[in-house]
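# Structural description and commentary
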Amino acid sequence: MDEHTIQVAGAEVFYRRRPSTADHQVLYLHSVPTSSDDWRELLSLTGGIAPDLPGFGRSGKGGHLDYSLDGYVRFVDELLTALAPGPVTIVGHGWGATIGLVFAQRHPEWVQRLVAIDAVPPLPGFRWPRIARWWRRPGIGELLMGSATRWMLARLLRRGAAAATAWPDRRVDEVWDQFDQGTQRAILRLHRSVDEHSLGVAGEHLDTLHQPALVVWGERDPWLEPAFADALGRRLPAATVLRVPDAGHWPWLERPELARRIAAFASGEQAA
């Protein structure tokens, strides 16, 4: 697995790349507060490209960068233009899934398949979970971020999983080492870049996406209701919905067989 940096959207962007096992590339988009480290196992199965989004991991975190939902969609466009992988399967988690879904609506010619895992749903009826409501409040969000400790971060990550083994100390340490002021700023700006109404509007053309899609959701996600998996599946014409019992917000980290199923679908080796 190769590691690279590239200048994209005004930032020095770190990304991992591994030769594809299929006739097209897979693009992996992580959520907050993590990085492309989330995808190491899946990259080993499918190959593809996994960037650290600007503001996260080892990528640039300057205050001048655009950490909005629209900004990240433009980042994906510029990244694919720069790397020229041809049409891709997008596998996204959380905010990464939302970015991928919005990008696919704007640039369907780039996208062969879609995998959305516990997406921040671009659908009507979504309400921010409590922690996001705090982050969206100017001043309060900065205070919470600035007072975070490793213990608090570990508690948050493990609360998001049905099994604490999904977040061993080693992985918590990796996330904590990258959880600096730049990442904290990116998280706050991203959550403040859209409200519940505009997030719903961002998915208004989902029904035009006829690519094969797999919607995966951990039924014990404490922040994003699994009912949104079904709602998202109804909006995507060629979607299969997979609700995963006894898994939380990062279901593929908890269920190794799920990682293999996602990899098989993303590679085009089998239907959902």
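The notes below deal with the structure included here. None of the values given here were measured: they were computed from a predicted structure. (Residues numbered from 1 in each chain as written. Predicted model: local features only at pLDDT ≥ 70, side-chain atom pairs only at ≥ 80, totals over all residues. Heavy atoms only, no water.)

### Re the environment of Asp169
Looking at where Asp169 falls in the secondary structure, it is placed in helix H7 (residues 169-178). Taking the C-alpha atoms as reference points, Asp169 and Ala154, 15 residues apart in sequence, are found 8.2 Å from one another. Within polar-contact distance, the side chain of Asp169 engages the side chain of Arg158 at 2.8 Å. (Helix = DSSP H or I, 4+ residues; strand = E, 2+ residues; numbered from the N terminus. Polar contact = N/O pair within 3.5 Å; in protein donor to acceptor, adjacent residues only side chain to side chain.)

### Some points on the side chain of Asp118
Along the chain, the position of Asp118 falls in the loop between strand S6 (111-117) and helix H4 (130-135). Buried charge without a salt bridge: Asp118, with Arg243 as the nearest opposite-charge side chain at an N-O distance of 9.6 Å. A polar contact of 3.1 Å, which involves the side chain of Asp118, links it to the backbone nitrogen of Gly218. With near-sequence residues (within four places) excluded, Asp118 lies in contact with His93, Gly94, Val216, Trp217, Gly218, Asp221, Leu224, Gly248, His249 and Pro251. (Buried < 20%, exposed > 50% of the residue type's maximum accessible area, 1.4 Å probe, protein only. Lys, Arg positive; Asp, Glu negative; His and termini not counted. Salt bridge = Lys/Arg side-chain N within 4 Å of Asp/Glu carboxyl O. Contact = heavy atoms within 4.5 Å.)

### Some remarks on unusual backbone geometry
Between Val32 and the following residue, Pro33, the backbone shows a cis peptide bond with an omega angle of 0 degrees. Mapping Pro33 onto the fold places it in the loop between strand S3 (25-29) and helix H1 (40-46). If you check the backbone angles, Ala84 has positive phi at about 50 degrees while not being a glycine. Inspection of the secondary structure puts Ala84 in the loop between helix H2 (69-83) and strand S5 (88-93). A positive phi is found at Asp118, a non-glycine position, where the angle reads about 45 degrees.

### So, the pattern of salt bridges
Where charged atoms from two side chains of opposite charge come close, those side chains can pair. Using the criterion set out here, one finds 20 salt bridges in the structure. For Asp169, the salt bridge goes to Arg150, with nearest N and O atoms at 3.8 Å. You can see Asp169 sitting in helix H7 and its partner Arg150 sitting in helix H6 (residues 150-159), a full 19 residues away along the chain. Note that Glu219 is salt-bridged to Arg243, the shortest N-O span being 3.0 Å. Taken as a pair, Glu219 in the loop between strand S7 (213-218) and helix H10 (227-235) and Arg243 in strand S8 (residues 239-244) lie far apart in primary sequence, 24 residues in all. Glu219 gets classed as partly exposed once you look at its relative accessible area, which sits at 34%.

### Considerations on the pairing of S8
Two strands pair when backbone bridges link them, and S7 and S8 are joined in this way by six bridges, in the parallel orientation. Counted as the bridge partner of Gly218 is Val244 from S8. (Pairing = 2+ DSSP bridges.)

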